[in-house]
Amino acid sequence: MWLAAAAPSLARRLLFLGPPPPPLLLLLSRSSRRRRRLHSLGLAAMPEKRPFERLPADVSPINYSLCLKPDLLDFTFEGKLEAAAQVRQATNQIVMNCADIDIITASYAPEGDEEIHATGFNYQNEDEKVTLSFPSTLQTGTGTLKIDFVGELNDKMKGFYRSKYTTPSGEVRYAAVTQFEATDARRAFPCWDEPAIKATFDISLVVPKDRVALSNMNVIDRKPYPDDENLVEVKFARTPVMSTYLVAFVVGEYDFVETRSKDGVCVRVYTPVGKAEQGKFALEVAAKTLPFYKDYFNVPYPLPKIDLIAIADFAAGAMENWGLVTYRETALLIDPKNSCSSSRQWVALVVGHELAHQWFGNLVTMEWWTHLWLNEGFASWIEYLCVDHCFPEYDIWTQFVSADYTRAQELDALDNSHPIEVSVGHPSEVDEIFDAISYSKGASVIRMLHDYIGDKDFKKGMNMYLTKFQQKNAATEDLWESLENASGKPIAAVMNTWTKQMGFPLIYVEAEQVEDDRLLRLSQKKFCASGSYVGEDCPQWMVPITISTSEDPNQAKLKILMDKPEMNVVLKNVKPDQWVKLNLGTVGFYRTQYSSAMLESLLPGIRDLSLPPVDRLGLQNDLFSLARAGIISTVEVLKVMEAFVNEPNYTVWSDLSCNLGILSTLLSHTDFYEEIQEFVKDVFSPIGERLGWDPKPGEGHLDALLRGLVLGKLGKAGHKATLEEARRRFKDHVEGKQILSADLRSPVYLTVLKHGDGTTLDIMLKLHKQADMQEEKNRIERVLGATPLPDLIQKVLTFALSEEVRPQDTVSVIGGVAGGSKHGRKAAWKFIKDNWEELYNRYQGGFLISRLIKLSVEGFAVDKMAGEVKAFFESHPAPSAERTIQQCCENILLNAAWLKRDAESIHQYLLQRKASPPTV
């Protein structure tokens, strides 16, 4: 499953580096003071887990024969289940998962014997289980379990649910669609809804004859339904052995485009009616991707077809149902004229992610949700490998560092992070681990592991793993064993330090020239967002470390495995004037703090670009996080940021922009917010002038992304020339004289709204209403929060809950308000409190509620707000967001500490710059 980003580039936060660390006593007292504050707020420990038992193993399914008849007008469905089951241990009851379903009749017929009718259905709603009681004992052996039941096509975007769409003629209709991961197949039919309880499925759907009906497998029969001439019964081929969470069915109105992959697999992309053209880009990506994975894993795709379908109302970004992958419209549809470059890239990544799951997750499935990280972390890594293969011009691995690696480090530096592997019990705990640790840290440590093993042995190990466990279930240890056998390296020992304990190390390094060699002294300690680790037993990691020098910045001079707290390393033949850098390619999942002299020698490599882009990015990001943690001064980092004046790389600018955005949000709590905007304009205006507004001959994908980023940053900061040009182009766009290119729309919309009035907002809302593409609607929704005036902010918040905004997109509208201004932040938080019941019911405790909370409160920087947030959620519990709430409160306290510590020195530095502007 792909979790949709709240904004085009995923928000990053923490951050930096510099002179030797401050005196240990100071750090100890600072960190321990902050931890005492966390404890006094009750933020340091997660609540106790709810008791939970997995389903008993005495009865299990072999095959589900399932027929469903959805009513698209009354939003109900009827179901008939005939399950071939194995009674392993004599029993007089069958326990299954069941939620929001009413069972009408149930019976069990042992093979060759008479049917036994169930005499009672005991629903355990809290545990989402039902116990079927029988009047006599069911003996060991096989038999058939029959259940007739009814359910509701809900509007919660989970289980078997309804999705609203508008026909080309303007009529509102509903499709019936599914989203079962993690634990919602039980809302569509009674089942053994655990990933390790696999079976085959024979699915039939009774649907209106003018509707498209799809499921995991190909259609094998379509015939009139005897009771109603307007209906047809569509039967699908039997599936391979698979888990319930990967079952899917869709009933609605769709067009499609199709092709065959070079391996002969039928690939289709289903789109809203009249938009088949918009499926062609995803079709091209999917047709290239299937053979890539087949070759990489050396295992063929096991089904005869794969469908990719755009669903109007969809909570996640996409879901990897075997053979029928469901997507948000914005994650699948590309309009050649109206889609921007970042949308094309996003579609490519999401298609790559979901198709990787067809092998890694679907063919071999995690034994239990504890191993979810392996599913998602692996797919989040290999999607980049796949996109790099299909679109080398995207420079996608540099983007990985900004989008995933730094995002994971930001979260993982918190006291309220969690290990990659989390022991999961009750289903309500599963949603909590669909987060940046499972996805982005998971992907980052797999990238580090791949680099440590080497591609050849990694591929060999993957093939061994997939071949051994196909159509079965596996745990993390099983993958380590296969990779260890393939590589001969101590994979389990190394990786357990990364998956079973939370956090990651800060490597402190200092150097000494000894004749012709360079002696490096390395030490590792857990990196904490609040400063140095304080505690009795500091965790240790086995860290694969690469070291490069200015002699060849793109090649590791030395690779070592740091398996102890301190280590000395000798680099042979390094001249005194050569720089030395750790973590070539920013692949190792750690932060680096250099001695003053080492850092000083690296900085010219930023200015003259001799450091590779991904290393320039990593250096800046490490420095920023060290400053936020109080290990170095933020002013030191601002000085380093000014060295990026010649930077040409989009991703480096993207990360820089993100960190400056975090600093701007922090300083919005001060009376010198305008000064930091001046700094932003000074840093970004040279690259803005170089790029201009219009594409030049020979430019590509990354130039388009960079132009949008830079103009948006300058426009938001109030850069005069940018603002004037944005207003001119916006006017021409609205009047139809000169339509804005898709890549310029976000920055222009943002700029005119940020410095606009009620008329500007009304025009934007009108454009939103007229937009035919969901991508354009989302583009507008994400920037509406930039509007500066209190009454307009209120209007945007009201709009967020209106019928005009799809339920899954409300979150990004409210989040945009919270991130737009200091007033917006307060207004968004009040709006959430005032409308909590409606919002909570809408998202039913899924991961969207966590995202809403995070986007809305994390920008606060006053201690008492942490207490207010905590108190609100104590009286308005959101179980699946408990960890997110803890993390948000911790971040508020960190922001407050950062502000107290550095605000004055930042202010002085900015004033000093104004008095004597730097020459660049």
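The structure presented is a predicted model; accordingly, all values stated were derived computationally and were not measured.

Rules used in this analysis
- Residue numbers restart at each chain and count upward from 1, following the sequence in its written direction.
- Only residues with pLDDT of 70 or above have their local features reported here, since the model is predicted, and side-chain atom pairs are shown and tallied only from 80 upward, although totals for entire chains, interfaces and linings are computed over all residues.
- The basis for every side-chain value is the complete set of non-hydrogen atoms in the structure, without hydrogens or water.
- Ring geometry is summarised as follows: Phe, Tyr and Trp rings, the Trp one being its six-membered ring, pair when their centres sit within 6.5 Å, and such pairs are stacked at plane angles under 30 degrees, edge-to-face over 60 and tilted between the two.
- Only DSSP runs of H or I covering at least 4 residues are called helices, and only runs of E covering at least 2 are called strands; the numbering of each starts at the N terminus.
- In this scheme, a residue with accessible area under 20% of its type's maximum is buried, one over 50% is exposed, and one in between is partly exposed, where area comes from a 1.4 Å probe on protein chains only.
- Only Lys NZ and Arg CZ are tested; either one counts as a charge over a ring when it is within 6 Å of the ring centre and within 35 degrees of the ring normal.
- UniProt positions are given in the numbering used here, feature names are shortened, and annotations may be inferred rather than shown by experiment.
- Contacts between residues were defined by any pair of non-hydrogen atoms, one from each residue, lying within 4.5 Å.
- Nitrogen and oxygen atoms within 3.5 Å of one another constitute a polar contact, given that in protein one can donate a hydrogen and the other can accept it, and given that sequence-neighbouring residues count only through two side-chain atoms.
- Strand pairing requires that DSSP identify at least two bridges connecting the strands.
- Every axis corresponds to a line fitted to the C-alpha atoms, with the helix fit spanning only the stretch in contact, and the corresponding angles, defined between N-to-C directions, vary from 0 to 180 degrees.

### A word on the packing of aromatic side chains
Then, in step 1: Tallying each qualifying case throughout the model produces 46 aromatic pairs.
Then, in step 2: When the centroid spacing of 5.9 Å and the interplanar angle of 85° are considered together, the rings of Trp836 and Phe872 count as edge-to-face. Residue Trp836 is located in helix 23 (residues 836-843), and its partner Phe872 is located in helix 25 (residues 863-875); the two are separated by 36 residues in the primary sequence. Like Phe872, Trp836 is buried.
Then, in step 3: In this arrangement the basic side chain of Arg344 is found over the ring face of Phe281, its NZ or CZ atom lying 4.7 Å from the centre.
Then, in step 4: Its guanidinium or amino end placed over the ring of Phe527, Arg591 lies 5.9 Å from that ring's centre, counting from NZ or CZ.

### Structural notes on the UniProt feature "binding site: Zn(2+)" (unreviewed entry) in the protein chain
Then, in step 1: The UniProt record marks His353, His357 and Glu376 with the feature "binding site: Zn(2+)" (unreviewed entry), using the residue numbering of this structure. Maximum C-alpha separation among the annotated residues is 8.6 Å over a sequence range of 24 residues, consistent with a single clustered spot.
Then, in step 2: Mapped onto the elements, His357 comes out in helix 3 (residues 341-357).
Then, in step 3: Owing to a relative accessible area of 0%, His357 belongs among the buried residues under this scheme.
Then, in step 4: When neighbours within four sequence positions are excluded, His357 is seen to be in contact with Met1, Glu320, Asn362, Asn375, Glu376 and Ala379.
Then, in step 5: Within the secondary structure, Glu376 is located in helix 4 (residues 372-390).
Then, in step 6: Ignoring any residue separated from it by four or fewer positions in sequence, one finds Glu376 in contact with Met1, Glu181, Glu320, His353, His357, Phe434, Ser438 and Tyr439.
Then, in step 7: For Glu376, the side chain forms a polar contact with the side chain of His353, separated by 3.1 Å.

### A word on the pairing of strand 16 (residues 254-260)
Then, in step 1: For strand 16 and strand 17 (residues 266-272), the ladder comprises 7 bridges, and the chain directions are antiparallel. Within the sheet, the bridge partner assigned to Thr259 lies in strand 17 and is Val267.
Then, in step 2: Hairpin remark: strand 16 followed by strand 17, antiparallel, with 5 residues in the connecting loop; positive phi at Gly264, about 90°.

### Some details on the sheet that holds strand 6 (residues 120-124)
Then, in step 1: Here 3 strands make up an open sheet; going across it, the order is 3-7-6 and the pairing antiparallel. This sheet does not close on itself; its edge strands, each paired only once, are strand 3 (91-97) and strand 6. The mean inter-strand angle of the sheet, taken between neighbouring strand axes irrespective of direction, is 25°.
Then, in step 2: Here strand 6 pairs with strand 7 (residues 129-138) via 5 bridges, running antiparallel. Residue pairing across strands places Gly120 opposite Ser133, the latter belonging to strand 7.

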